[in-house]
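Understanding the architecture of this molecule
Below are the chains, spelled out letter by letter.
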Amino acid sequence: MSGSAGTHFATLWEEIADLGHTLRYVDAGGYRTRVLDLAGAAPDAQTVVLASGTSGHIEAWTQNVRAFVEAGFRVVGYDYPGHGYTSPAGHPLEIRDYEEHLLALLDALELERVHLAGESLGGWLALKFAPKHPDRLHTVILSAPGGRVVGEPQLDRTQSVSVRAASEPTFENVKKRLQVVIHDPRNITDELVRVRQAIYARDGFSMANVSALREPERRWRNRVTDDDFAAVPVPALMVWTDNEPTGDEAEGERLCRLIPDGEYLLIRGAAHWPQWEGAAEFNAAAVAFLKKHAGRRNHA
């Protein structure tokens, strides 16, 4: 069971052990891409694709996969190029790279149209991907979406902690990196730290390439603007927190109002990973949102 501060947080294996699933590698745009695929309850189940944050991986969605599957959806989690256990990226990654990889993955898995749930960088990707490929999406879930140009001190802190964790992936250094996104350190599981330690220690892993969007010039040309929120062509669930480092509660509400068909969820007691720290509330709202719009599509 997913927990809150001081309670048990499940491991990924605990969450999926009794569910029909495969963990495999597929070629997507030339990258050997790690994919976790959990079967939906119905043969015609719609698919939720999970996109993680910068230097993240499938395990960031550990507390959510079961809820989506039990609601009847097929769930596909994947690692970006250079991230997790997908093959390394040989160059600094920009949003176009993530868009092309996602499109190639959908094609490789023969997924015509999906619900795209993205946290942080994944939300940034969803905001840029949706207007270009509305025919590939039912909805988007934007969990603390990144990409806006905000105060540099926060970005500088994130970058310095990330570089240290990658160059010296000790348990403590990696845990400090996770404390950038998780508000209560008690909510950081040993599994999460160990998985990320192993990823950072992989041959070919480059924090410079996976974190390239933190460089000011590159970030500026890939940035998310108010116009991007206003251009979302599908229903969107916007998830924000009371400790979000890129903006307060009023900013989250303002951004959501820009979305033509947007719903707003505020998770309290969380920072940049609402899907993890506020899993129960997040899952309930996300499932309700997905079911509502899956029903509309099924009867369209």
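As the structure is a prediction and not an experimental result, all values here were calculated from the model.

Here we look at the sheet that holds strand S8 (residues 262-267)
With respect to topology, eight strands assemble into an open sheet ordered S1-S2-S4-S3-S5-S6-S7-S8, the strand pairing being mixed. The open sheet is flanked by strand S1 (21-28) and S8, the only strands paired with a single partner. Strand after strand, the sheet turns through a mean of 20° between neighbouring axes, direction not considered. As paired strands, strand S7 (residues 236-241) and S8 are joined by six bridges and run parallel to one another. Looking at the pairing, Thr241 lines up with Ile267 of S8. Packed on one face of the sheet, helix H4 (residues 121-132) meets strand S3 (47-51), strand S4 (74-78), strand S5 (114-119) and strand S6 (137-143) and runs near 145° to S6.

Structural notes on the environment of His91
Examined against the element boundaries, His91 turns out to sit in the loop between S4 and helix H3 (95-108). Given a relative accessible area of 33%, His91 falls into the partly exposed group. For the pair His91 and Ser206, spaced 115 residues apart in sequence, the C-alpha to C-alpha distance is 9.1 Å.

Things to note about the side chain of Asp79
Assignment of secondary structure puts Asp79 in the loop between S4 and H3. Among the polar contacts made by the side chain of Asp79, one reaches the main-chain amide nitrogen of Ile58 at a distance of 2.9 Å. If sequence neighbours within four positions are ignored, Asp79 has contacts with Thr33, Arg34, His57, Ile58, Gly84, Tyr85, Thr86 and His101.

Digging into the confidence of the model for the protein chain
A residue-level look at the protein chain finds 93% of positions with pLDDT of 70 or above and a mean pLDDT of 93. A low-confidence stretch, residues 1-6 (pLDDT under 50), is modelled with 18 contacts involving residues beyond four sequence positions or located in other chains.

Overview of the packing of H3 against H4
For the pair H3 and H4, interaxial distance at closest approach is 10 Å and the crossing angle is 70°. Considering their axes alone, H3 and H4 lie roughly perpendicular with respect to each other. Of the residues in H4, those in contact with Ile95, Tyr98, Glu99, Leu102, Leu103 and Leu106 of H3 are Leu121, Trp124, Leu125, Lys128, Phe129 and Lys132.

So, how was this worked out
- Residues numbered from 1 in each chain as written.
- Predicted model: local features only at pLDDT ≥ 70, side-chain atom pairs only at ≥ 80, totals over all residues.
- Heavy atoms only, no water.
- Pairing = 2+ DSSP bridges.
- Helix = DSSP H or I, 4+ residues; strand = E, 2+ residues; numbered from the N terminus.
- Axes fitted to C-alpha atoms, helices over the stretch in contact; angles between N-to-C directions.
- Contact = heavy atoms within 4.5 Å.
- Buried < 20%, exposed > 50% of the residue type's maximum accessible area, 1.4 Å probe, protein only.
- Polar contact = N/O pair within 3.5 Å; in protein donor to acceptor, adjacent residues only side chain to side chain.
- pLDDT = per-residue confidence, 0-100.
- Parallel < 35°, antiparallel > 145°, perpendicular 65-115°, else oblique.

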